[in-house]
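# Examining the three-dimensional arrangement
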Amino acid sequence: HASLAAEWNDTANYTADDYPDAGLDENYCRNPNGTSHAWCFTSEDGYFEYCDVPLCIDCLGYDPQTCGCASTLQREYRGTINTTLSGKACIRRNDFHYT
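The present account deals with the structure reproduced in this document. In this text, all values refer to a predicted model and were calculated from it rather than measured experimentally.

Time to look at the overall build of the chain. When its secondary structure is counted, the chain shows zero helices and three strands. The order of α-helices and β-strands along the chain, N terminus first, is β-β-β. Pairs at least 24 residues apart make up 57% of the contacts formed inside the chain by residues separated by at least 6 positions. Roughly 5,500 Å² of accessible area belongs to the chain as shown, and the carbon and sulfur atoms make up 49% of that amount.

Written out as structure tokens, the structure reads:
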């Protein structure tokens, strides 16, 4: 799975300040912007990859620490997966600001 070039604008740095309810802590896979599923940055120049976050079978009473709902594009996922589908390590979101 190839890396995708992220073209963020100056106001979309994907920091905890920009998305206070998105759980953007550490280097965990998240989906703050509602793409197809959880992802993370893999380099300081804005490259990102999708993560292998499990889909919840039943989204009623599920644990957002273990899976993310397909109906919400995994936006509520709060687990600790920090590697991509291709096995790359996620970098901490607050280690850089891509502008």
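Having seen it, we continue.
This paragraph deals with the nonpolar core. Counting seven residues, the largest nonpolar core is built from Cys29, Ala38, Cys40, Cys51, Val53, Tyr77 and Cys90. When sequence neighbours within four positions are dropped, the list of residues in contact with Cys90 reads Asn27, Cys29, Cys40, Phe41, Cys51, Asn82, Thr83 and Thr84. Listed in part, the five residues of the second largest apolar core include Tyr14, Phe41, Phe48 and Tyr50.

Looking at chain direction, strand E2 (residues 39-41) and strand E3 (residues 47-50) are connected through three bridges and run antiparallel. Each residue of the ladder has a partner; that of Cys40, found in E3, is Glu49. Where E2 hands over to E3, the hairpin turn is made up of five residues, of which Gly46 adopts a positive phi near 95 degrees.

Parameters at a glance
Residues numbered from 1 in each chain as written. Predicted model: local features only at pLDDT ≥ 70, side-chain atom pairs only at ≥ 80, totals over all residues. Heavy atoms only, no water. Helix = DSSP H or I, 4+ residues; strand = E, 2+ residues; numbered from the N terminus. Contact = heavy atoms within 4.5 Å. Areas by Shrake-Rupley, 256 points an atom, 1.4 Å probe, with all protein chains shown as cover. Core = buried A, V, L, I, M, F, W, Y, C linked by side-chain atoms within 4.5 Å. Buried < 20%, exposed > 50% of the residue type's maximum accessible area, 1.4 Å probe, protein only. Pairing = 2+ DSSP bridges.

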